[in-house]
Amino acid sequence: IRMHTLLCHIRFCTVYFFFSKVKAHLLIEYYNRFSSMKLTPLMVADAPTFINPVGERTISLRSLTLSDLDIGISQLLDTDIFECIDLTDNDLIIVPDFPASHRLKTLLLARNRIRVLSHNFASELYNLETVSLINNFIRSPKELTGITTIKNLKELYLSGNPITNLKHYRLWVIWKFPTLKILDFEKVKKDEKEKATKLFGTHEKPTEIAVKISKSTVDLGLGSEIKDTKEKLDSDTIHIQSTVQRL
């Protein structure tokens, strides 16, 4: 009954939005009422745990339609016993700041709706080495700023994000994150690092093309309001645009 009611509301709001040109926040209001899901301590307690193929103690929080990590992530990292957290296939839009952890090595965030990573999301994840953001909505280098707080990043997966369509995408990522060993399932080669340095200069004195790419954005086709690269990436704007696209 609840699913039927949800579908009816979504259909009504979608039709109303497109034919009466009502602001998108009305659509979001109905959508969030039925679909918002926070990570709770109970979910953490009931989540399956196991040792993954590379020997990491893992907690699986996959496919829970989570849109907010809320207090659940604090409780999860308070214990600091997991080396891998799997949040694949949820509805996250913004990756928040994570509490401190000395054990977490792998963070799996594929198949969400992520548009932005908090600037300090990993500043206290002291041993984080691998981040998977496959099939999300990241479209600009500035939305990856939070990853620069990972001091020993070895593996990064961005396949399926609009940002991969940027010119010189791979070389720019290799230049931006010099500790990378693997990018999008391909080993980072020595000659790629050399090309990246030649093309983009140093982080202290970046070339003009490095600055240009850092400010560029890939259009998601949602209208002129998101084409401005100086767009303010506030949570309300991101939530509205991502939910409209999803619907």
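**Student:** If you had to explain the pattern of salt bridges to someone new, which residues and values would you point to?
**Tutor:** Pairing between side chains becomes possible if they bear opposite charge and their charged atoms approach one another. Taken as a whole and assessed by the stated rule, the structure comprises 5 salt bridges. Between Glu129 and Lys154 there is a salt bridge; the shortest N-O distance is 3.7 Å. Residue Glu129 is found in the loop between β6 (116-117) and β7 (130-132), and its partner Lys154 is found in the loop between β7 and β8 (155-157); the two are separated by 25 residues along the sequence. Assessed through its relative accessible area of 30%, Lys154 is described here as partly exposed. Put simply, Glu192 and Arg170 hold a salt bridge, and the shortest N to O gap is 2.7 Å. Residue Glu192 is located in helix α6 (residues 190-200), and its partner Arg170 is located in helix α5 (residues 169-176); the two are separated by 22 residues in the primary sequence.

**Student:** Hey, could you go over helix α4 (residues 72-79) for me, with residue numbers and the actual values?
**Tutor:** Within the sequence span of α4, burial applies to Gly72, Ile73, Leu76 and Leu77. Seen along its axis, α4 keeps its buried residues to an arc of 120°; they face one direction. On its buried face, α4 is in contact with α3 (41-46), β2 (57-60) and β3 (84-86). The first or second residue beyond α4 is Asp80, which carries a positive phi of 50°.

**Student:** Talk me through the nonpolar core; I want residue IDs and the actual numbers.
**Tutor:** A general trend in soluble globular proteins is that nonpolar side chains are found buried together. In terms of nonpolar packing, the biggest core is built from 51 residues, with Ile85, Ile147 and Leu156 touching the most fellow members. Non-local contacts of Ile85, meaning those with residues more than four positions away in its chain, are made with Ile59, Leu61, Ile73, Leu76, Leu77, Leu104, Thr106, Leu107 and Leu108.

**Student:** Run through the pairing of β2, naming residues and quoting values.
**Tutor:** Pairing analysis gives 3 bridges linking strand β1 (residues 49-51) to β2, with the strands arranged antiparallel. Following the sheet pairing, Thr49 is matched in β2 by Ile59. Following β1, the chain reverses through 5 residues before pairing antiparallel with β2; Gly55 in that reversal takes a positive phi of roughly 85°. Judged from the 3 bridges that link them, β2 and β3 form a sheet pairing that is parallel. Counted as the bridge partner of Thr58 is Cys84 from β3. For the crossover that starts at β2, traverses α4 and ends in the parallel β3, the hand is right-handed.

**Student:** Tell me about the packing of α5 against α6, and name the residues and values.
**Tutor:** For the pair α5 and α6, the least separation of the axes is 9 Å and the interaxial angle reads 90°. Between α5 and α6, the crossing angle belongs to the class labelled roughly perpendicular. Residues Arg170, Leu171, Trp172, Ile174 and Trp175 of α5 touch α6, and the partners they reach there are Glu192, Lys193, Lys195, Ala196, Thr197, Leu199 and Phe200. A per-class count over the contact of α5 with α6 returns 7 nonpolar, 1 polar and 4 charged.

**Student:** Can you tell me about unusual backbone geometry, naming the residues and giving the values?
**Tutor:** Notably, Ser63 is not glycine yet its phi reads approximately 55°, a positive angle. Note on placement: Ser63 falls in the loop between β2 and α4. Of note in this structure, Thr65 is not a glycine but carries a positive phi near 55°. By secondary structure assignment, the location of Thr65 is in the loop between β2 and α4.

**Student:** Give me the sheet that holds β2: which residues, what numbers.
**Tutor:** Spatially, 8 strands are ordered β1-β2-β3-β5-β7-β8-β9-β10 in an open sheet, and the strand pairing comes out mixed. Because the sheet does not close on itself, it has two edges, and the strands there are β1 and β10 (186-187).

**Student:** Give me α5: which residues, what numbers.
**Tutor:** Because each turn of an α-helix spans 3.6 residues, side chains separated by three or four positions in sequence point in the same direction. In terms of burial, α5 is largely enclosed, as 7 of its 8 residues are buried. For α5, the full list of buried residues reads Tyr169, Arg170, Leu171, Trp172, Val173, Ile174 and Trp175. Against β8, β9 (182-183), β10, α6 and α7 (208-215) lie the buried residues of α5.

**Student:** Go over the confidence of the model for the protein chain with me, naming the residues and quoting the values.
**Tutor:** Across the protein chain, pLDDT averages 82, with 74% of residues at or above 70. Segment residues 222-233: pLDDT under 50, and 24 contacts once partners within four positions in sequence are set aside and those in other chains are kept. With pLDDT under 50 throughout, residues 241-247 is counted as low confidence; its partners more than four residues away or in other chains account for 23 contacts.

About the thresholds
Residues numbered from 1 in each chain as written. Predicted model: local features only at pLDDT ≥ 70, side-chain atom pairs only at ≥ 80, totals over all residues. Heavy atoms only, no water. Salt bridge = Lys/Arg side-chain N within 4 Å of Asp/Glu carboxyl O. Helix = DSSP H or I, 4+ residues; strand = E, 2+ residues; numbered from the N terminus. Buried < 20%, exposed > 50% of the residue type's maximum accessible area, 1.4 Å probe, protein only. Arc of directions from axis to C-beta. Contact = heavy atoms within 4.5 Å. Core = buried A, V, L, I, M, F, W, Y, C linked by side-chain atoms within 4.5 Å. Pairing = 2+ DSSP bridges. Right-handed = clockwise from strand over helix to strand, strands pointing away. Axes fitted to C-alpha atoms, helices over the stretch in contact; angles between N-to-C directions. Parallel < 35°, antiparallel > 145°, perpendicular 65-115°, else oblique. Nonpolar A, V, L, I, M, F, W, Y, C, P; charged D, E, K, R; others polar. pLDDT = per-residue confidence, 0-100.

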